[in-house]
Amino acid sequence: MGDNGLNNADIMCEVEDFVINTPVGLLAIKVTNDEVIRIDLNSNESITSARSYFAKEVQRQINCYFEDASFKFNLKLNAKGTGYQRKVWLGLQNIPLAQTMTYGELASKIVSGARAVGNACRNNPIPLIVPCHRVVSTSGLGGFAGKLDGQLIDIKKFLLVHEGALLI
DNA sequence: TGTTTTGGGGCTG
DNA sequence: CAGCCCCAAAACA
């Protein structure tokens, strides 16, 4: 890491943005040549096509997931965050399909606190693939993408139903 | 229900 | 560095 806070990779890699349509609305996706950097839910941008080979592959895998929730993503991810955040995000990826865990349960696994886990989940730059939707509150669904209710929570609910972790 | 405790992160000075 | 505020929680009465 240099003084300007950038890795060499940040300088060298070209970034491609594209927007796809999914059952949970438009997703704005940001990739480099070989890594997923970010996924934004509820994008307001219009649909744009994936250009690079890698971008097309990301689009293909996301379509596969919406077709069949048991599809396993095989994509290189580059989620930028603090050490703690990365630890939480790693924990998220270890929650099996169709299962949920409470913020407190995940916290005890990594020797932390429930609210701290929630904070890190809120800052997850790659929702969907890093499955923060599988973490719920003891007294309900908890939040999603920084929101406690509304459209985003409907998406969280949809994903859990899609995966079979939640009855309709 | 409401109140209290909680653990990281980010901001400010 | 310290102090302060922000939260997608949880425990408890």
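An account of the accompanying structure is given in this report. The structure displayed is predicted, hence computed values, not measured ones.

Section: the overall build of chain A
Argument step 1. In terms of regular secondary structure, chain A is built from six helices and five strands.
Argument step 2. For chain A, the α and β elements follow one another from N to C terminus as α-β-β-β-α-α-β-α-α-β-α.
Argument step 3. Taken over the C-alpha trace, chain A has a radius of gyration of 16 Å; the compact-globule value for 168 residues is 15 Å, and the two agree within 12%.
Argument step 4. C-alpha extents for chain A along the principal axes are approximately 45 × 40 × 25 Å.
Argument step 5. For chain A, with 168 residues in total, the buried portion stands at 39%.
Argument step 6. In chain A, of all internal contacts separated by at least 6 residues, the share reaching a separation of at least 24 is 55%.
Argument step 7. Carbon and sulfur atoms make up 50% of the accessible area of chain A, which amounts to about 9400 Å² in all.
Argument step 8. Distance between charge centres in chain A, computed from 17 positive and 16 negative side chains, equals 6 Å.

Observations concerning the pairing of strand E3 (residues 36-40)
Argument step 1. The sheet contact formed by strand E2 (residues 25-31) and E3 spans four bridges and is antiparallel. Across the sheet, residue Lys 30 finds its bridge partner in E3, namely Arg 38.
Argument step 2. Turn length for the E2-E3 hairpin, with the two strands adjacent in sequence and antiparallel, is four residues.

Overview of the protein's contact with DNA strand B
Argument step 1. Taken together, Thr 82, Tyr 84, Val 111, Ser 112, Gly 113, Arg 115, Ala 116 and Asn 119 make up the full set of residues near DNA strand B.
Argument step 2. Across the atoms of DNA strand B situated within 4 Å of the protein, the share located in sugar and phosphate is 58%.
Argument step 3. For the surface near DNA strand B, the element with the most residues is helix H5 (residues 114-122), which contributes three residues.
Argument step 4. Taken together, the residues that form the surface near DNA strand B break down as three nonpolar, four polar and one charged.

What to know about the nonpolar core
Argument step 1. If you look at the biggest cluster of nonpolar residues, it comprises 42 residues, and the most contacted ones within it are Leu 27, Ile 29, Val 58, Ile 62 and Leu 92.
Argument step 2. If you list the elements that add at least two residues to this core, you get strand E1 (16-22), E2, E3, helix H2 (53-67), helix H3 (83-93), helix H4 (103-109), H5 and helix H6 (151-163).
Argument step 3. Counting residues per element, this core draws most heavily on H2, which supplies six residues.
Argument step 4. Excluding residues within four positions of it along the chain, Ile 29 makes contact with Glu 16, Asp 17, Phe 18, Ile 20, Arg 38, Ile 39, Val 58 and Ile 62.

Some words on the side chain of Gln 85
Argument step 1. Along the chain, Gln 85 falls in helix H3.
Argument step 2. Side-chain polar atoms of Gln 85 contact the backbone nitrogen of Thr 82, separated by 2.9 Å.
Argument step 3. Beyond its immediate sequence surroundings of up to four residues, Gln 85 is in contact with Ala 120 and Asn 123.

What counts, and at which threshold
Residues numbered from 1 in each chain as written. Chains lettered and ligands numbered in written order. Predicted model: local features only at pLDDT ≥ 70, side-chain atom pairs only at ≥ 80, totals over all residues. Heavy atoms only, no water. Helix = DSSP H or I, 4+ residues; strand = E, 2+ residues; numbered from the N terminus. Rg over C-alpha atoms; globule rule 2.2 N^0.38 Å. Buried < 20%, exposed > 50% of the residue type's maximum accessible area, 1.4 Å probe, protein only. Contact = heavy atoms within 4.5 Å. Areas by Shrake-Rupley, 256 points an atom, 1.4 Å probe, with all protein chains shown as cover. Lys, Arg positive; Asp, Glu negative; His and termini not counted. Charge placed at Lys NZ, Arg CZ, Asp CG, Glu CD. Pairing = 2+ DSSP bridges. Near = heavy atom within 4 Å. Nonpolar A, V, L, I, M, F, W, Y, C, P; charged D, E, K, R; others polar. Core = buried A, V, L, I, M, F, W, Y, C linked by side-chain atoms within 4.5 Å. Polar contact = N/O pair within 3.5 Å; in protein donor to acceptor, adjacent residues only side chain to side chain.

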